[in-house]
Every structure is written in C-alpha cells, then in structure tokens.
Amino acid sequence: MADEPDSACIVGRAVHDVKDFDRPHAIEVFAMFVREGSLPVWKASERGAILVHPGPQTAPS
C-alpha cells in the first residue's frame, strides 16, 4: 500500500462492512493516527483501500 516496499503504514480493516468506520471508537482511532502523522493511514474493506492520510511529506532528493 505504501509507496516504498519496506515502508510501514497504519491499516484499519473493517470487520463486517464499511459502516464499521462510522462507529465513534473507529472515528477516534483514525483521528488519533492522523494527528500523530508519522505514517500513512489507510481504511480497508471488502471494497478496497482508501488512503486517509499520506503520512509525512518529504521533498524529492
């Protein structure tokens, strides 16, 4: 999922369906990881994956 093969990322996976992401605890968990900001954050379900936050942005070298 991340751009680099050895990169780490946060992936939250829906257990039942995408409505799992609408639960208050799930909303807060995603918000916590986005606020922390050091890794890309993804939401994954049977429909696919969505990038919620790209993680730290670095300038090309």
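Values in this document were obtained by computation on a predicted structure and should not be read as measured data.

Considering the pairing of strand E1 (residues 10-13)
As judged from the four bridges shared by E1 and strand E2 (residues 41-45), these two strands associate in the parallel manner. The residue of E2 that forms the bridge with Gly12 is Lys43. Crossover E1 to E2 through helix H1 (residues 24-36) is right-handed.

Regarding the pattern of salt bridges
Counting across every chain of the model gives two salt bridges. The partner of Asp20 in a salt bridge is Arg23, with the nearest N and O atoms 3.7 Å apart. For Arg23, a relative accessible area of 48% puts it in the partly exposed group. Note that Glu28 is salt-bridged to Arg35, the shortest N-O span being 2.7 Å. Look at Glu28 and you get partly exposed, because its relative accessible area is 42%. On the basis of relative accessible area, Arg35 is assigned to the exposed category, the value being 57%.

Quick notes on the rules
- Residues numbered from 1 in each chain as written.
- Predicted model: local features only at pLDDT ≥ 70, side-chain atom pairs only at ≥ 80, totals over all residues.
- Heavy atoms only, no water.
- Pairing = 2+ DSSP bridges.
- Helix = DSSP H or I, 4+ residues; strand = E, 2+ residues; numbered from the N terminus.
- Right-handed = clockwise from strand over helix to strand, strands pointing away.
- Salt bridge = Lys/Arg side-chain N within 4 Å of Asp/Glu carboxyl O.
- Buried < 20%, exposed > 50% of the residue type's maximum accessible area, 1.4 Å probe, protein only.

Geometry only, nothing functional implied.
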